[in-house]
2 protein chains.
Amino acid sequence: MAGKVEFWFEFASTYSYLSAMRVENEAAKRGVEVVWRPFLLGPIFAAQGWNNSPFNIYPAKGRYMWRDMERRAAALGLNFQRPEGFPQNSLLAARAATAALYEDWGKEFCRKIYQAQFVEGRDISQPDVVADCVVSAGGIDQITMHQAYSNSHKELLRANVEEAQAKGIFGAPSFTVCAELFWGDDRLEEALDWALKV
Amino acid sequence: MAGKVEFWFEFASTYSYLSAMRVENEAAKRGVEVVWRPFLLGPIFAAQGWNNSPFNIYPAKGRYMWRDMERRAAALGLNFQRPEGFPQNSLLAARAATAALYEDWGKEFCRKIYQAQFVEGRDISQPDVVADCVVSAGGIDQITMHQAYSNSHKELLRANVEEAQAKGIFGAPSFTVCAELFWGDDRLEEALDWALKV
């Protein structure tokens, strides 16, 4: 592999959905390896004094984001529908991801979670929705759901959040190449190209 | 002309600098006309409860922005240095721009203001800096500076800010094609392409 990028994503993040669906293709074109790092924006936003998504706190920004997502999804050939609730509680799905990503179907599980939320209009805070995504990705739901509720995977997710904060991450998706930080689906290509330089 | 884009810029905005330096070339490639609309972010941020730039209020976002600007400027072949004060008071320069943009050297004046601030490290709140930019762009400083202090141009700028707010603009640069809004230098190409569709 020519280089490595860490892909920091939050399941409740709309723009993370765009990146999750395309990052592997773009990385493969360049021969770059992508390490998927689920994390939570909640604690990071709380540290900035926000108790909600900035897209809800600042209505003009929110209106723009929903329209921009429609346009971007269309341009990328992705289906997209605005979920009923936003942001959804992504805690359980993120904990499940810390387990799933040790398996060869882990990245597919992450994409299934995004599709459940942003294409099928399902509520990813619900255990049965997470379990369905495990199965459709190729895993065994009873195993992964047990892991999702285990202390070890709570700690793995907590460590991811702390590492994200330590790296200066303040939004999602983000990409890191060593100490270099890139924020936003718009920076996906730039981050992958950067990995070829270092 | 195949289409028209309105380019909404704030002189104190770092990413507006990137767009100001490249929007005309990108538009010319597509045969799109660009109408330059100077405005102020201050009143728009104040309406969101901010009394400062979000890059100062949220340090992680600010640290990221300065590094991202270095990378983006380098990628675009533009010089860039972080100014001593940020954000600078852009009121006088913006009022001068509402006059200058009626002249054929108006867009060049705007670029000169950005270069003074982000390349030469000058303080664009100073009348002599604004006047120098008028002259180097090809205008007559005494005329434009008188206009910059006139009630008519104060009103022209105020009307721009009100129109920006009415269009849902919450940051700079922004681009509009009829009712369609695009935010950020990253969306420059998409906005210009959109103008070809409508």
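Colleague: Account for the overall build of chain A, naming residues and giving values.
Modeller: When its secondary structure is counted, chain A shows 10 helices and four strands. The N-to-C order of helical and strand elements in chain A reads β-α-β-α-α-α-α-α-α-α-α-β-β-α. In terms of overall size, chain A behaves like a compact globule, its C-alpha atoms giving a radius of gyration of 16 Å where 198 residues would be expected to give roughly 16 Å. Each principal axis of the C-alpha distribution contributes one length, and for chain A these read about 40 × 40 × 35 Å. In chain A, which comprises 198 residues, the share counted as buried stands at 56%. In chain A, the share of contacts with a sequence separation of at least 24, taken over all contacts with a separation of at least 6, comes to 72%. Accessible surface, chain A: about 8600 Å² in total, of which carbon and sulfur atoms supply 49%. Of the side-chain charges in chain A, 21 are positive and 25 negative, and the distance between the mean point of each set is 5 Å.

Colleague: Go over the packing of helix α1 (residues 14-30) of chain A against helix α6 (residues 106-118) of chain A with me, naming the residues and quoting the values.
Modeller: Residue and element names in this part refer to chain A. Running from amino to carboxyl end, α1 crosses α6 at an angle of 140 degrees, the nearest separation of the two axes being 10 Å. One element, α1, and the other, α6, form an angle in the oblique class. The chirality of how α1 crosses α6 is left-handed. The segment α1 lies against α6, with T14, S16, Y17, A20, M21 and E24 engaging K107, R111, Y114, Q115 and F118. Looking at side-chain class alone, the contact of α1 with α6 contains five nonpolar, three polar and three charged residues.

Colleague: So, the packing of aromatic side chains: which residues are in play, and what are the values?
Modeller: Throughout the structure, instances matching the rule amount to 48 aromatic pairs over all chains. Their ring planes at 75 degrees and their centres at 5.3 Å tell us that F9 of chain A and F11 of chain A sit as a pair that is edge-to-face. Measuring from ring centre to ring centre gives 6.3 Å for Y64 of chain A and W183 of chain B, while their planes differ by 90 degrees; the resulting arrangement is edge-to-face. One end of the pair, Y64 of chain A, is in helix α4 (residues 59-76); the other, W183 of chain B, is in strand β4 (residues 180-183), on a second chain. Within the aromatic cluster, the residues linked to one another by ring pairs are F7, F9, F11, Y17, W36, W66, F80, F86, Y114, F118 and F175 of chain A. Just above the ring of F182 of chain B sits the side chain of R71 of chain A; from NZ or CZ to the centre is 3.8 Å.

Colleague: So what's going on with the sheet that holds strand β4 (residues 180-183) of chain A? Which residues, and what values?
Modeller: Residue and element names in this part refer to chain A. With respect to topology, four strands assemble into an open sheet ordered β2-β1-β3-β4, the strand pairing being mixed. With one partner strand each, in any of the chains shown, β2 (32-38) and β4 form the two edges of the open sheet. Within this sheet the neighbouring strands show an average axis-to-axis angle of 25 degrees, counted without direction. Bridge count between strand β1 (residues 3-9) and strand β3 (residues 174-177): three bridges; the pairing is antiparallel. Paired with F7 across the two strands is F175, which belongs to β3.

Colleague: Could you give an account of the relation of the copies chain B and chain A, naming the residues involved and the relevant values?
Modeller: Once chain B has been moved 0.0 Å along the axis and rotated by 180 degrees, it coincides with chain A to within an RMSD of 0.0 Å. Here the copies are linked by what is in effect a two-fold axis. If distances are taken from each C-alpha of chain B to the rotation axis, the shortest is found for D186 of chain B, at 3.4 Å. Of the interface residues in chain B, 100% have counterparts in chain A that sit at the interface too, so the contact is made through matching surfaces.

Colleague: Kindly report on unusual backbone geometry, identifying the contributing residues and their values.
Modeller: All names here are of chain A. With omega at -5 degrees, the peptide bond leading from F86 into P87 counts as cis. Tracing the backbone through its elements, the reader meets P87 in the loop between α4 and α5 (91-100). Of note, the amide linkage connecting A172 to P173 takes the cis form, showing an omega dihedral of 0 degrees. Note on placement: P173 falls in the loop between α9 (151-166) and β3.

About the criteria used
- Residues numbered from 1 in each chain as written.
- Chains lettered and ligands numbered in written order.
- Predicted model: local features only at pLDDT ≥ 70, side-chain atom pairs only at ≥ 80, totals over all residues.
- Heavy atoms only, no water.
- Helix = DSSP H or I, 4+ residues; strand = E, 2+ residues; numbered from the N terminus.
- Rg over C-alpha atoms; globule rule 2.2 N^0.38 Å.
- Buried < 20%, exposed > 50% of the residue type's maximum accessible area, 1.4 Å probe, protein only.
- Contact = heavy atoms within 4.5 Å.
- Areas by Shrake-Rupley, 256 points an atom, 1.4 Å probe, with all protein chains shown as cover.
- Lys, Arg positive; Asp, Glu negative; His and termini not counted.
- Charge placed at Lys NZ, Arg CZ, Asp CG, Glu CD.
- Axes fitted to C-alpha atoms, helices over the stretch in contact; angles between N-to-C directions.
- Parallel < 35°, antiparallel > 145°, perpendicular 65-115°, else oblique.
- Left-handed = near helix turned anticlockwise from the far one by under 90°.
- Nonpolar A, V, L, I, M, F, W, Y, C, P; charged D, E, K, R; others polar.
- Phe/Tyr/Trp six-rings, centres within 6.5 Å; stacked < 30°, edge-to-face > 60°.
- Lys NZ or Arg CZ within 6 Å of the ring centre and 35° of its normal.
- Pairing = 2+ DSSP bridges.
- Least-squares fit on C-alpha atoms with pLDDT ≥ 70 in both.

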